[in-house]
Amino acid sequence: GAGVSQTPSNKVTEKGKYVELRCDPISGHTALYWYRQSLGQGPEFLIYFQGTGAADDSGLPNDRFFAVRPEGSVSTLKIQRTERGDSAVYLCASSSTGSISDTQYFGPGTRLTVL
Amino acid sequence: KQEVTQIPAALSVPEGENLVLNCSFTDSAIYNLQWFRQDPGKGLTSLLLIQSSQREQTSGRLNASLDKSSGRSTLYIAASQPGDSATYLCAVPNFGNEKLTFGTGTRLTIIP
């Protein structure tokens, strides 16, 4: 596609529920990143994929968070037993090769609200 | 651990004025620094990427400077327009991996 897309754009759920957030990167980009942005803050790194594998998942806050990228393109961020503190905008980005010199291109984000 | 700071958190200026946004970082061993723009409810748009070997990078009315030794970068916007109103974020990648560390942003409002 022309850019990074994310679905849904908004997700409202109840505490304790399970949610999945989807990211479609730019076609051909091998690197994919997930970030989380709380109100008034800059984005914080969650996980980075190179191809199908998670190269760095050090930003995942706890084991309720999990992400996959089974075919090296689309990625899904999964959150189990959601808590009110999980409310944030979840941003996905992709880059061509994952090189440190590559520009990361961001999607519009998914705004998650946990009631 | 790299920390990135942006001051002020918010800035309002009249249309037509030139302005400077500031970004500071604690670890000067950076590979590059990137400036982004974020409109309300939208994702991030990359504005400028300045390599550690560069002192400046320009795109239209935007000019980014980088002083690694002092841990500072500035984004200069010339002849500001109402359409420039947005939140501006700076970010640096970590050596050894590519994840970006972001500042908290400066919310810019251009007053017509």
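Residues numbered from 1 in each chain as written. Chains lettered and ligands numbered in written order. Predicted model: local features only at pLDDT ≥ 70, side-chain atom pairs only at ≥ 80, totals over all residues. Heavy atoms only, no water.

Residues and elements named next belong to chain A. Read from one edge to the other, the open sheet built from four strands follows the order β1-β3-β8-β7, with strand pairing classed as antiparallel. Since the sheet does not close on itself, it has two edges, and those belong to β1 (5–7) and β7 (65–68), each with one partner. If you compare each strand with its neighbour and ignore which way they point, the axes differ by 15 degrees on average. (Pairing = 2+ DSSP bridges. Helix = DSSP H or I, 4+ residues; strand = E, 2+ residues; numbered from the N terminus. Axes fitted to C-alpha atoms, helices over the stretch in contact; angles between N-to-C directions.)

All names here are of chain B. Inspection of the secondary structure assignment puts Arg37 in strand β4 (residues 32–38). A polar side-chain atom of Arg37 sits 3.5 Å from the main-chain carbonyl oxygen of Ser85. When sequence neighbours within four positions are dropped, the list of residues in contact with Arg37 reads Gly43, Leu44, Thr45, Leu47, Gly83, Asp84, Ser85, Ala86, Thr87 and Tyr88. (Polar contact = N/O pair within 3.5 Å; in protein donor to acceptor, adjacent residues only side chain to side chain. Contact = heavy atoms within 4.5 Å.)

It is worth spelling out the pairing of strand β5 (residues 44–51) of chain B at this point. Residues and elements named next belong to chain B. Both β4 and β5 contribute to a ladder of seven bridges, which runs antiparallel. Paired with Asn32 across the strands is Gln51, a residue of β5. The hairpin turn running from β4 into β5, its antiparallel successor, is five residues long, and Gly41 in that turn takes a positive phi close to 75 degrees.

Moving on, we come to the state of the cysteines. A full pass over the atoms with the stated rule returns two disulfides over all chains. Here Cys23 of chain A is linked by a disulfide to Cys92 of chain A, with a sulfur-sulfur distance of 1.8 Å. Linking Cys23 of chain A and Cys92 of chain A, the disulfide has an S-S dihedral of approximately -65 degrees and is accordingly described as left-handed. With Cys23 of chain A in strand β3 (residues 19–24) and Cys92 of chain A in strand β9 (residues 88–95), the pair connects residues that are 69 residues apart, well separated along the chain. An identical accessibility class is assigned to Cys23 of chain A and Cys92 of chain A; each is buried. In this model Cys23 of chain B forms its disulfide with Cys90 of chain B; the gap between the sulfur atoms is 2.0 Å. Here Cys23 of chain B and Cys90 of chain B share a disulfide; its torsion about the S-S bond, 80 degrees, makes the bridge right-handed. Within this pair, whereas Cys23 of chain B is found in strand β3 (residues 19–25), its partner Cys90 of chain B is found in strand β9 (residues 86–93), the two being separated by 67 residues in sequence. You'll find Cys23 of chain B and Cys90 of chain B in the same group, each marked buried. (Disulfide = S-S within 2.5 Å. Buried < 20%, exposed > 50% of the residue type's maximum accessible area, 1.4 Å probe, protein only.)

Moving on, we come to the pattern of salt bridges. Counted under the stated rule, the structure contains six salt bridges over all chains. Asp39 of chain B serves as the salt-bridge partner of Arg37 of chain B, at 3.0 Å between the closest nitrogen and oxygen. Exposure remark for Asp39 of chain B: the relative accessible area of 23% places this residue in the partly exposed category. Members of the salt-bridge network, linked through shared partners, are Arg64, Glu83 and Asp86 of chain A. (Salt bridge = Lys/Arg side-chain N within 4 Å of Asp/Glu carboxyl O.)

Moving on to the nonpolar core. In this structure, Leu19, Leu33, Trp35, Leu75, Ile77, Tyr88 and Leu108 of chain B are the most contacted members of the largest nonpolar core, which totals 22 residues. Beyond its immediate sequence surroundings of up to four residues, Leu108 of chain B is in contact with Leu11, Val13, Leu19, Ile77, Asp84, Ser85, Ala86 and Tyr88 of chain B. With 20 residues, the next largest nonpolar core counts Ile26, Leu32, Trp34 and Ile79 of chain A among its residues. (Core = buried A, V, L, I, M, F, W, Y, C linked by side-chain atoms within 4.5 Å.)

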